[in-house]
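Here is what each chain is made of, one letter per residue.
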Amino acid sequence: MRPRSYLPKLSGTEEETRIGYARYAEDRLVDLQPFDHTELKQLNKLIHDHCEPLILDAPTSIFFRENGSKTYVDTGGVELATPEVNNPADQAVYIKANALLLEKALADFLKLKSRKRGEDVTAVFQRRTIDSRGNTWACHDNYSVDSSVGYKRMVSDQLQPISRLWLGFITSRNFITGAMRVGPAGAEFSQKLSQPHNFSQYNYGNSILRVDVNDEQRLELRCNDINLQDWATVCRVGGGAMFLAATMTPIITNKLINSMHYAMPWPRNDTWNDIPLNQNLELTMSRQLKQNIAVQRFTFQTILNDYEAATGQPMPRTYLEIGKTILDYCDEVEAIANGHGDIYQLADRVDWATKLYTIRRDIRRNSKRRLNDARSIYLDLLYDQIKITATPKGKLSTSHGYGHIAANKTSFYGNRPHLLERAMRFPPAKSRGAVRLAYARRYGNKLVDCDWSSIQLQDGSNIRTINLSPDLADT
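All values reported here derive from a predicted model rather than from experimental measurement.

A.B. asks: I'd like a rundown of the overall build of the protein chain, residues and numbers included.
C.D. replies: Looking only at helices and strands, the protein chain features 14 helices and 17 strands. What you see for the protein chain is a C-alpha radius of gyration of 23 Å, in line with the 23 Å of a compact globule of 475 residues. Taken along its principal axes, the extent of the C-alpha atoms in the protein chain is 70 × 65 × 40 Å. Burial statistics for the protein chain: of 475 residues in total, 56% are counted as buried. Excluding contacts between residues fewer than 6 apart, the proportion of contacts in the protein chain whose partners are at least 24 apart in sequence is 67%.

A.B. asks: Go over the nonpolar core, please, and point to the residues and values.
C.D. replies: Counting 80 residues, the largest nonpolar core has Tyr151, Trp166, Leu219 and Trp352 as its most contacted members. The residues contacting tryptophan 166, other than those within four sequence positions of it, are Tyr151, Val155, Leu209, Leu219, Leu221, Gly240, Phe243, Leu244 and Thr247.

A.B. asks: Describe in detail unusual backbone geometry, supporting the description with residues and values.
C.D. replies: Leave glycine aside and you will find that most residues have negative phi; peptide bonds, for their part, are mostly trans. Phi at methionine 180 is positive, roughly 70°, even though this residue is not glycine. Relative to the assigned elements, methionine 180 resides in the loop between helix 5 (174-177) and strand 9 (181-183). Here the phi dihedral of leucine 281 falls at roughly 60°; this positive angle occurs in a residue that is not glycine. By secondary structure assignment, the location of leucine 281 is in the loop between helix 7 (250-257) and helix 8 (287-311). Since its relative accessible area comes to 13%, leucine 281 is described here as buried.

A.B. asks: Account for the pairing of strand 1 (residues 11-15), with residues named and values stated.
C.D. replies: For strand 1, a buried count of five out of five residues is recorded, marking the element as mostly surrounded by other parts of the structure. Bridging between strand 1 and strand 8 (residues 139-144) involves five bridges; their strand directions are antiparallel. Paired with glutamate 15 across the bridge in strand 8 is cysteine 139.

A.B. asks: Quick rundown of the environment of threonine 391? Include the residues and the values.
C.D. replies: Topologically, threonine 391 is positioned in the loop between strand 13 (385-390) and strand 14 (396-400). Here threonine 391 falls in the buried class, since its relative accessible area comes to 18%. In the structure, threonine 391 is positioned 89 residues away from threonine 302 in sequence and 57 Å away in space, judged by C-alpha atoms. Residues in contact with threonine 391, not counting those within four places in the same chain, are Ser114 and Asp120.

A.B. asks: Explain the sheet that holds strand 16 (residues 454-459) to me, using residue names and the numbers behind them.
C.D. replies: Two pairing modes exist for strands in a sheet, parallel and antiparallel, and in both the strands are linked by backbone hydrogen bonds. Read from one edge to the other, the open sheet built from three strands follows the order 15-16-17, with strand pairing classed as antiparallel. Only two strands of the sheet have a single neighbouring strand rather than two, namely strand 15 (447-450) and strand 17 (462-467). Adjacent strand axes in the sheet meet at a mean angle of 20° when their direction is disregarded. Looking at chain direction, strand 15 and strand 16 are connected through three bridges and run antiparallel. Bridge pairing in strand 16 places cysteine 450 opposite isoleucine 455. Packed onto the sheet, helix 14 (residues 432-443) meets strand 15, strand 16 and strand 17 and runs at close to 10° relative to strand 16.

A.B. asks: Before we move on, could you go through the pattern of salt bridges and cite the residues and values that matter?
C.D. replies: Under the counting rule described, the total for this entry stands at 26 salt bridges. A salt bridge links aspartate 331 to arginine 297, with the shortest nitrogen-to-oxygen separation between them at 2.9 Å. Residue aspartate 331 is located in helix 9 (residues 317-337), and its partner arginine 297 is located in helix 8; the two are separated by 34 residues in the primary sequence. Given a relative accessible area of 40%, aspartate 331 falls into the partly exposed group. Since its relative accessible area comes to 17%, arginine 297 is described here as buried. Note that arginine 317 and glutamate 321 form a salt bridge whose closest N and O atoms lie 3.0 Å from each other.

A.B. asks: Outline the state of the cysteines, supporting the account with residue identities and numerical values.
C.D. replies: All told, the structure shown has zero disulfides when counted by the stated rule. Looking at the unpaired cysteine 223, the closest cysteine sulfur is the one in cysteine 139, lying at 9.9 Å. The class of cysteine 223 is buried, set by a relative accessible area of 4%. You can see cysteine 330 has no disulfide; the closest cysteine sulfur is in cysteine 235, sitting 9.6 Å from it.

A.B. asks: Tell me what's going on with the packing of aromatic side chains, and back it up with residues and numbers.
C.D. replies: For the structure shown, the criterion picks out 14 aromatic pairs. Considering the side-chain rings of tyrosine 344 and tyrosine 357, the 6.4 Å spacing of their centres and the 50° angle between planes classify their relative orientation as tilted. In this pair, tyrosine 344 is assigned in the loop between helix 9 and helix 10 (351-363) and tyrosine 357 in helix 10, connecting sequence segments 13 residues apart. A relative accessible area of 27% places tyrosine 357 in the partly exposed class.

A.B. asks: Outline the sheet that holds strand 11 (residues 209-212), listing residues and values.
C.D. replies: Pairing in this open sheet of seven strands is antiparallel, and the strands run 4-5-6-1-8-12-11 from one edge to the other. Looking at which strands have only one partner, the edges of the open sheet turn out to be strand 4 (63-64) and strand 11. Here helix 6 (residues 230-246) sits on the sheet and contacts strand 1, strand 8 and strand 12 (218-221); the angle it forms with strand 8, its principal contact strand, is near 40°.

A.B. asks: For the pairing of strand 7 (residues 121-126), give the residues involved together with the corresponding values.
C.D. replies: Consecutive side chains along a regular strand alternate between the two faces of the sheet. Burial of strand 7 is extensive: six of the six residues sit out of reach of the surface. Residues Val121, Ala123 and Phe125 line one face of strand 7 and the alternating positions Thr122, Val124 and Gln126 line the opposite face, and both faces are buried. In this sheet, strand 13 lies alongside strand 7 in antiparallel orientation, the contact comprising six bridges. The residue bridging glutamine 126 from the neighbouring strand is glutamine 385, located in strand 13.

A.B. asks: Can you break down the packing of helix 2 (residues 88-117) against helix 6 residue by residue, with the values?
C.D. replies: In the contact formed by helix 2 and helix 6, the axes pass within 9 Å of each other and the chain directions differ by 125°. Here helix 2 lies oblique to helix 6, going by the angle between them. The interaxial crossing formed by helix 2 with helix 6 has right-handed handedness. Residue-level inspection shows Pro88, Ala89, Gln91, Ala92, Ile95 and Lys96 of helix 2 in contact with helix 6, the latter providing Asp230, Thr233, Val234, Arg236, Val237 and Gly238. Taken together, the residues of the contact of helix 2 with helix 6 break down into six nonpolar, three polar and three charged.

A.B. asks: Got a sec to walk through the packing of helix 6 against helix 9? Specific residues and values, please.
C.D. replies: Interhelical geometry of helix 6 versus helix 9 gives an angle of 115° and a closest axis separation of 10 Å. By the angle class used here, helix 6 and helix 9 are roughly perpendicular. Like other packed secondary-structure pairs, helix 6 and helix 9 cross with a definite hand, here left-handed. For the pair formed by helix 6 and helix 9, the contact residues are Trp231, Val234, Cys235, Gly238, Gly239, Ala241 and Met242 on the first element and Tyr319, Ile322, Gly323, Thr325, Ile326 and Tyr329 on the second. Residue composition of the contact of helix 6 with helix 9, grouped by class: nine nonpolar, four polar and no charged.

Definitions and limits used
Residues numbered from 1 in each chain as written. Predicted model: local features only at pLDDT ≥ 70, side-chain atom pairs only at ≥ 80, totals over all residues. Heavy atoms only, no water. Helix = DSSP H or I, 4+ residues; strand = E, 2+ residues; numbered from the N terminus. Rg over C-alpha atoms; globule rule 2.2 N^0.38 Å. Buried < 20%, exposed > 50% of the residue type's maximum accessible area, 1.4 Å probe, protein only. Contact = heavy atoms within 4.5 Å. Core = buried A, V, L, I, M, F, W, Y, C linked by side-chain atoms within 4.5 Å. Pairing = 2+ DSSP bridges. Axes fitted to C-alpha atoms, helices over the stretch in contact; angles between N-to-C directions. Salt bridge = Lys/Arg side-chain N within 4 Å of Asp/Glu carboxyl O. Disulfide = S-S within 2.5 Å. Phe/Tyr/Trp six-rings, centres within 6.5 Å; stacked < 30°, edge-to-face > 60°. Parallel < 35°, antiparallel > 145°, perpendicular 65-115°, else oblique. Left-handed = near helix turned anticlockwise from the far one by under 90°. Nonpolar A, V, L, I, M, F, W, Y, C, P; charged D, E, K, R; others polar.

Rendered as structure tokens:
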């Protein structure tokens, strides 16, 4: 019998985008007019010049691309789905590659628009999950789930034991994966979790997770912030994969369920997400933060200690390192919150600390400033902003928010830019994306349809469906 795959064989991320024409007054963004559906479809097609689609004129405008990714127009924006990968570091690279492809296409779009209008045109691309009005959009991490496990039943509602574990895990990791939001009362760790959520209701509202069984079984974590920092992305993706594996092993599951850490009810107010700060905007310890640190520490200690006994398999080195670095981070946050250090020590890893450190430094220059004033909200939005201006003569100017600049300095591919360049053009090795590309190159326009798990070839009136195995990474 083939050993069960506890850790997901495949994972990927979908990121919704919001792009609009910008209007400025005194160098401040005062209005953002969203692109209409026709403009978004044109923008999606302009990605072709930087990463070709496998089917040029897909009738649905859903394009599987040569790098293994999928892009399409959804309500309000172009949605970017990474190729399926088998490790969190690759996922982080392809997330960045997809965003850069859209940025390049946006520059091309604005040059065309500016030439047509005969005037300068500016657009803003924000990589975040909430705007200043509280409107949210999505960043979903997806994980393959072994078909022998009835995972949809296990998380069918929030009263199920595994559901309770997921609620505790997701809400308590906000100090690791949060991209921070400046709200009416101050600073919150997580953007997406600052808003009301259902548990698993699948619609255009906010929800925690869902399990899709329409094709292969897939867990979709629907409540992520978008992380610019690679460390936070890898810990978000890898930590989620490790927790998924833990919930399929009775030994670890029972230890988590029977611990005091997962006995607490799902928080119904906002205080659990507040960043506790003193008058000098230094991190302090609150009951909620202490509790969240304890949950994450207990979770990853248990997984690392018991994984091999629970599964009969050693923990892969990649995940072993992720678990250890999360534990070290928990210790460091705890020490800082107890007065032994400052958040600048975290600014090379997590987005909330990078943003808060910058806003705090700006506030300290003016004694009349406060954390939730208009300037702070502006700096919050500037963090992940990409602004592009085109002139009728084809001149471009692009500016990146300080979050992008900080993330590039600490990127794990900073000294290996070829990894990002490669991810914009080629799929992961030994992946279904690589197989799709091989068929596209071999059969040309006979390839008439693509999906994650299959492709269709047409020869005259005959259509042949070829199923793609998720086990390619094992070969």
